[in-house]
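What follows is each chain in one-letter form.
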Amino acid sequence: MATMRPSAIRTVPWRLLGQIAVVIFCLLFLTIPFVEMVKAMIADPQLLARQLLIGVTNGAYIALIALGYTLVYGIVELINFAHGDLYMLGAFFSLSLIGAFSLTTETPWSIRAPILIVVLIATMGFTAGLNMLVDRWAYRRLRGVGSRMASLISAIGISFVFQNLGLLWGYLRFPFMNGVMGSNAVAPKSFPALLPSVNLFAGTGVRFGAKDLIVVGVSVVLLIGLYLFVSKTRLGKAMRATAQDRDAAALMGIDVNRTISLAFVLGGALAGASGMLVGLYNGTAVFDMGFTAGLRSFTAAVLGGIGNIVGAMLGGLLIGIISALSDQYISTKWTNAVVFGILVIILVFRPTGLLGDDTVQKA
Amino acid sequence: MNTRIRSSLIGGLFGFAIALISGGFAGILAGLVAGLINGFSVPQAEPLNNRAGAVRQGLVASLIASVLTILGIVIRSVLIDPVIGTPLNITSLLISIIGALILGIPVCVIMCVIRTEPPARERIGLAIVIGIVLVTYPWLDQFLNLRFMNEVIPVLVFILMALGLNIVVGYAGLLDLGYAAFFAIGAYAAGMVSSPHFGISWSFWLAIWVAAAVAALFGLILGSPTLPLRGDYLAIVTLGFGEIVPIAIKNLDKVTINIWNYPLLVDFDFTGGTKGINPINRPWLPVIGEFSPSTPIPWYFLILGIMLISIFFISRLRNSRLGRAWTALREDELAAGAMGINTVNVKLLAFAIGATVSGLAGAFYGSYISAIFPESFRFDVSVMLLCMVILGGLGNMSGVILGGIIIQFADRLFLPQFSTVVQKLIVASGNESLREVNFASDFRLLLFGLTLVLMMILRPQGLVPSGRAARVMPPVKVEVPHD
């Protein structure tokens, strides 16, 4: 698709207007809090280090979800709104499996570790399959025929359906699940503390537990695996070709629909893994947690440059750190607003993100 | 003949569902609804001006619809009511059936006759029928002891908002996912100037204009950074604003601003935080006195009036130069710019006018429930409004109203009633495992989600497609790309 330069025709500098509005807003409201924040950071470096490490852990799982957005957007230019809720379903599925295997904090490590790995793989399979089915039933028939707005609205619909599935999941009381869903369907579900919480930096005043290391480690392994898959294998090459030009890829004998399905499968698998890791790390999962996580991850994907895999990882890390700092130095209540604010600022100033190229916003 | 039977089946199914779920004298209302829907969906009769044919047609159609409705009434009274603890009452059953027939059949016949008139007279006739139904509804409700009024008023508020959203999404083609924010801004603006919160206690009639103006201003402010964005990026940014506004409202209850150690504000309670603003003044009129929460009729006519005025202005705008500019913008922004349309102004006006309508709705709603809380303006409200607009038909006002009625009644009347009935049936059947499922709150999201997805797949142009919107939501050729 040839990129037109609409600004050549328009007489009014739109982007400039928007940018001026944002700059005025920032100067008015954000200068003083920002100065205060920097002062507080310098005053207590130990606290800063602790928050940065929390940010790295959060960033790892945000990056996993962000990759799902970026893979799908890179190929079909659809903001897969339901992706955050897929992550939530991943957490619920893994919790049900943990209940089914009756894993508790008492289970010895020799049994616990392999089962956790099995649960992780099963969860990834579950969310991957679900994402693929959704693509097939809800998005595929809108591709090419409807406008992009139709696909986006459909994705919002799927997001609500998923959220409701999560809500109804809370009612499941199968005997084999050993009561992991608790007695109240709507309330947050609690995960058993299966990951070791030993502090690796004990005595330094900085906290980075073994479970942080596990979350970061698993995420990094998956991220590297995905990167290698996309950049080295034949299927990965097909994905990149389809993202670049769908018609030309089809002419070269690439099965476009299957390649798009593959993007959904990969994204879904990563979302599932992320759901399980966050569930184990935070110890809770609730049916509406996908909304916030999804928006943070989408912000991360846009920040890194949507469609760019390394960008999504970088963006995830940055958003994780920013939200951890905002939790500490501004207030937990405002963190979501901060993240949305960042999203707005990026989209207004540099819609291509940090690492993206200029072809992103094909309208 | 085929379409005629279909329309009577649609009407009958609505009647069936209402009668089955609501019980009591709602069966009579069901007859009326069945007749109305039947009349609406009946195709324009050929040839025109064949009254006798129309009456015959109407009789047949209304009989089919009535049979379904009566079936609903009978199942409800004979099979369900005894199980859930209301004994079978033959007299009230007979009253319901006869009432449904008396209301349903004439309405349907009249509608069918009107539909055979030439277009100009048909429109006037339909307007008169709708007007009569709207004006007499409160008394019908009282007479039948239905107590639906407290639900009907919020339904109208949300339909008003859907009409506003339709300006932004349907006319100008800007997908706005944070529209509920303007509702909140309107409600809070009105609440702040007419409540004890700041000690400013203006009349409702003044506050509602303040709300509209503040909402319009915020429409401009929030619209301006999104000007360079299109399509899904625009949607996400508006979604972000839609989330930031409730967060800000919730947390601006202890504002402290220090400018270089000079305290400008200390713990200033700006929005009331999670407690919200409470109580908000109610409107006052000479004859009626202060509107009271226990008599819904003045509220009903107030919101109806606001709605009719808004509909009038929106439809005038729609056919104005600005309305055509919106259409041009939606169809092709580049071409619209090249034709000399000032796209910035046109976009901003769409945001501002849409926000104004929402502000009016917010001011009314705040005054009606006499309190506002930040939690009532979240993303699901925006999505519900979007559902209403899309279900009815983007860019078509009567479609949006129809979509609004369907979604809102399903959400506020049908699901809760359905939930109560199912709950009682479950309790009666002795099965404890499903007892805690609350269908009203637990299936709302599913309802919205499925509506959006199915509409996009099956009928993206909506139930009542707009002629001009054809290019935005082209009818889908159901042709799944094969593997």
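Caption draft 1: Fine view of the overall build of chain A. Regarding its fold elements, chain A presents 12 helices and two strands. Each helix (α) and strand (β) of chain A, taken in turn from the N terminus, gives the series α-α-α-α-α-β-α-α-α-α-β-α-α-α. In summary, chain A has a C-alpha radius of gyration of 21 Å against a globular reference of 21 Å for 363 residues, a match within 12%. When the backbone C-alpha atoms are referred to their principal axes, chain A occupies close to 70 × 55 × 40 Å. When the 363 residues of chain A are sorted by exposure, 54% land in the buried category. Carbon and sulfur atoms make up 68% of the accessible area of chain A, which amounts to about 15400 Å² in all.

Caption draft 2: Region of the structure containing the overall build of chain B. Within chain B, the secondary structure is distributed over 17 helices and four strands. Look at the contacts in chain B between residues 6 or more apart in sequence, and 74% of them connect residues 24 or more apart. Carbon and sulfur atoms make up 69% of the accessible area of chain B, which totals about 20600 Å².

Caption draft 3: Structural context of the pattern of salt bridges. Residues and elements named next belong to chain B. In this structure the tally under the stated criterion is eight salt bridges over all chains. Where Arg330 meets Glu331, a salt bridge forms, and the shortest distance between an N and an O atom there is 3.1 Å. Here Arg330 falls in the buried class, since its relative accessible area comes to 12%. The residue Lys347 makes a salt bridge to Glu333 at a minimum N-O spacing of 3.6 Å.

Caption draft 4: Structural detail: the packing of helix H4 (residues 90-116) of chain B against helix H5 (residues 119-144) of chain B. Residues and elements named next belong to chain B. Close contact between H4 and H5 brings their axes to 9 Å; oriented N to C, the two are set at 160°. Viewed along their axes, H4 and H5 adopt a mutual orientation that is roughly antiparallel. In this structure, H4 uses Leu103, Ile110, Met111, Ile114 and Arg115 to contact H5, whose residues at the interface are Glu122, Gly125, Leu126, Val129 and Leu140. Considered class by class, the residues forming the contact of H4 with H5 number seven nonpolar, one polar and two charged.

Caption draft 5: Region of the structure containing the environment of Tyr233(B). Assignment of secondary structure puts Tyr233(B) in helix H9 (residues 231-251). Separated by 58 residues in sequence, Tyr233(B) and Leu175(B) place their C-alpha atoms 9.4 Å apart.

Caption draft 6: Representation of the environment of Ala215(B) in the model. Residue and element names in this part refer to chain B. Mapped onto the secondary structure, Ala215 falls in helix H8 (residues 204-223). Considered as a pair, Ala215 and Ile185 are 30 residues apart in the sequence and their alpha carbons are 5.9 Å apart. Setting aside its immediate chain neighbours within four residues, Ala215 contacts Phe182, Ile185, Ala355 and Gly359.

Caption draft 7: The domain arrangement of chain B, seen in detail. Residues and elements named next belong to chain B. In terms of domains, chain B is made up of domain 1 (2-147) and domain 2 (150-471). Measuring from the centre of the C-alpha atoms in domain 1 to the corresponding centre in domain 2 gives 31 Å. Residue-level contacts link 13 residues of domain 1 with 12 residues of domain 2. Taking both partners together, domain 1 and domain 2 bury about 1300 Å²; carbon and sulfur atoms supply 81% of that area. Counting across the domain 1 and domain 2 interface gives zero salt bridges.

Caption draft 8: Expanded view of the packing of aromatic side chains. Residues and elements named next belong to chain B. Counted by the stated rule, this structure contains 27 aromatic pairs over all chains. When the ring of Trp299 is compared with that of Phe364, the centres are 5.8 Å apart and the planes differ by 80°; the resulting orientation is edge-to-face. On the criterion of sequence distance, the pair formed by Trp299 in helix H10 (residues 296-318) and Phe364 in helix H13 (residues 343-369) is long-range, its members being 65 residues apart. Overall, the relative accessible area of 0% leaves Trp299 in the buried class.

Caption draft 9: Local environment of helix H9 (residues 256-282) of chain A. Residues and elements named next belong to chain A. Compared with the 39 Å implied by 1.5 Å per residue over 27 residues, the 39 Å span of H9 between its first and last C-alpha is a close match. Summarising burial for H9: 24 of the 27 residues are buried, a large majority. The N-cap residue of H9 is Asp255: its side-chain oxygen and the backbone nitrogen of Asn257 are 3.3 Å apart. One or two steps after H9, the chain reaches Gly283, where phi turns positive at roughly 80°.

Caption draft 10: Local environment of unusual backbone geometry. In this chain, Asn278(B) is followed by Pro279(B) through a cis amide linkage whose omega measures -5°. Turning to its location among the elements, Pro279(B) is positioned in the loop between strand S2 (262-268) and strand S3 (284-285). Phi at Glu77(A) takes a positive value of approximately 55°, unusual for a residue other than glycine. Along the chain, Glu77(A) falls in the loop between helix H2 (45-76) and helix H3 (83-100). Positive phi, close to 65°, is recorded for Ser370(B), a residue that is not glycine. Inspection of the secondary structure assignment puts Ser370(B) in the loop between H13 and helix H14 (379-392). Judged by relative accessible area, which is 9%, Ser370(B) ranks as buried.

Caption draft 11: Representation of the packing of H14(B) against helix H15 (residues 397-429) of chain B. Residue and element names in this part refer to chain B. Interhelical geometry of H14 versus H15 gives an angle of 130° and a closest axis separation of 7 Å. In terms of orientation, H14 lies oblique with respect to H15. The way H14 lies across H15 gives a crossing that is right-handed. Listed contacts from H15 to Met384, Cys387, Met388, Val389, Leu391 and Gly392 of H14 are Gly399, Val400, Gly403, Gly404, Ile406, Ile407, Gln408 and Asp411. Looking at the contact of H14 with H15 residue by residue, the classes come out as eight nonpolar, five polar and one charged.

Caption draft 12: Examining a positive patch on the surface more closely. Residues and elements named next belong to chain A. A surface patch of positive charge is lined by Lys232, Arg234, Lys237 and Arg240. It is helix H7 (residues 234-244) that provides the largest number of residues to the positive patch, a total of three residues. As for its position among the elements, Lys237 is in helix H7.

Caption draft 13: Quick peek at a nonpolar patch on the surface. All names here are of chain A. Together, Val220, Ile224, Tyr227, Leu228, Val310, Leu314, Leu318, Leu354 and Leu355 make up an exposed nonpolar region whose accessible area comes to about 710 Å². Taken together, the elements giving at least two residues each to the nonpolar patch come down to helix H6 (210-232) and helix H11 (309-329). Following the sequence through the fold, Tyr227 ends up in helix H6.

Caption draft 14: Up close: H9(B). Here H9(B) contains 21 residues, and its C-alpha end-to-end distance of 31 Å stays within 8% of the 30 Å for a straight helix at 1.5 Å per residue. When you tally the buried positions in H9(B), you get 19 out of 21 residues, the bulk of the element.

Caption draft 15: Expanded view of the confidence of the model for chain A. Averaged over every residue, the pLDDT of chain A is 84; the share at 70 or more is 93%. Ignoring residues within four places in sequence, the model shows residues 358-363 of chain A, a span with pLDDT below 50, making 18 contacts including any to other chains.

Caption draft 16: Fine view of the environment of Leu322(B). All names here are of chain B. Among the structural elements, Leu322 can be located in helix H11 (residues 321-331). For Leu322, a relative accessible area of 17% corresponds to the buried category. For the pair formed by Leu322 and Ala235, sequence separation is 87 residues and the distance between their alpha carbons is 23 Å. Residue contacts for Leu322: discarding those within four places in its chain leaves Leu317, Val346, Leu349 and Ile353.

Caption draft 17: Layout of the side chain of Ser358(B). Checked against the element boundaries, Ser358(B) lands in helix H13. Judged by relative accessible area, Ser358(B) falls into the buried class, the value being 0%.

Caption draft 18: Fine view of the confidence of the model for chain B. Looking at chain B as a whole, its pLDDT mean stands at 81, while 89% of the residues score no less than 70. Scored below 50 in pLDDT, residues 474-483 of chain B makes 22 contacts in the model with residues more than four places away or belonging to other chains.

Caption draft 19: Examining the side chain of Thr127(A) more closely. Tracing the backbone shows Thr127(A) in helix H4 (residues 109-139). Contacts of Thr127(A), omitting those with residues within four sequence positions, involve Leu86(A), Gly90(A), Gly268(A), Ala269(A) and Gly272(A).

Cut-offs applied
Every chain is numbered independently, its residues counted from 1 as its sequence is written. The order in which chains are written sets their letters, starting at A; the order in which ligands are written sets their numbers, starting at 1. Owing to the predicted nature of the model, reporting of local features is limited to residues with pLDDT of at least 70; listing and counting of side-chain atom pairs is limited to 80 or more, with chain, interface and lining totals taken over all residues. Side-chain calculation: all heavy atoms of the structure are included, whereas hydrogens and water are not. To qualify as a helix, a DSSP run of H or I must reach at least 4 residues; to qualify as a strand, a run of E must reach at least 2; elements of each kind are numbered from the N terminus. The reference for a compact globule is 2.2 Å times residues^0.38; the radius of gyration itself is calculated from the C-alpha atoms. When accessible area is computed with a 1.4 Å probe and restricted to protein chains, residues below 20% of their type maximum are described as buried, those above 50% as exposed, and intermediate ones as partly exposed. Note that accessible areas follow from Shrake-Rupley with a 1.4 Å probe, and for residues the cover is restricted to the protein chains shown. Whether two residues are in contact is decided by their heavy atoms, any of which lying within 4.5 Å being enough. In the sections that follow, a salt bridge refers to a side-chain nitrogen of Lys or Arg positioned within 4 Å of a carboxyl oxygen of Asp or Glu. Fitted lines through C-alpha atoms serve as axes, helices being fitted only where they are in contact, and the angles separating the N-to-C directions of these axes extend from 0 to 180 degrees. The cut-offs work like this: below 35 degrees is roughly parallel, past 145 is roughly antiparallel, 65 to 115 is roughly perpendicular, and the gaps in between are oblique. Under the scheme applied here, ten amino acids are nonpolar (Ala, Val, Leu, Ile, Met, Phe, Trp, Tyr, Cys and Pro), four are charged (Asp, Glu, Lys and Arg), and all others, including Gly, are polar. Domain extents, as shown, originate in an automatic or database domain assignment. A 1.4 Å probe defines the accessible area here, and the buried area is the portion of it lost by two parts on being joined, summed over both. Working definition: a ring pair exists when centres of Phe, Tyr or Trp rings (six-membered ring for Trp) sit within 6.5 Å. Plane angles under 30 degrees give stacked, over 60 give edge-to-face, the rest tilted. Under the convention used throughout, the expected extent of a helix is 1.5 Å for every residue step, that is, one less than its residue count. In protein, a polar contact requires one atom able to donate a hydrogen and another able to accept it; more generally it is a pair of N or O atoms within 3.5 Å, and residues adjacent in sequence count only if both atoms are side-chain atoms. Two helices crossing with the near one rotated counterclockwise from the far one by less than a right angle form a left-handed crossing, whereas a clockwise rotation gives a right-handed crossing. Exposure above 30% relative accessible area and the lack of any salt bridge qualify a residue for a patch; like charges then connect within 9 Å, and the nonpolar side chains Val, Leu, Ile, Met, Phe, Trp and Tyr within 5 Å. Two residue types count as positive, namely Lys and Arg, and two as negative, namely Asp and Glu; His and chain ends fall outside the count. By convention, the charge on Lys lies at NZ, on Arg at CZ, on Asp at CG and on Glu at CD. The pLDDT score gives, residue by residue, the confidence of the prediction method on a 0 to 100 scale.

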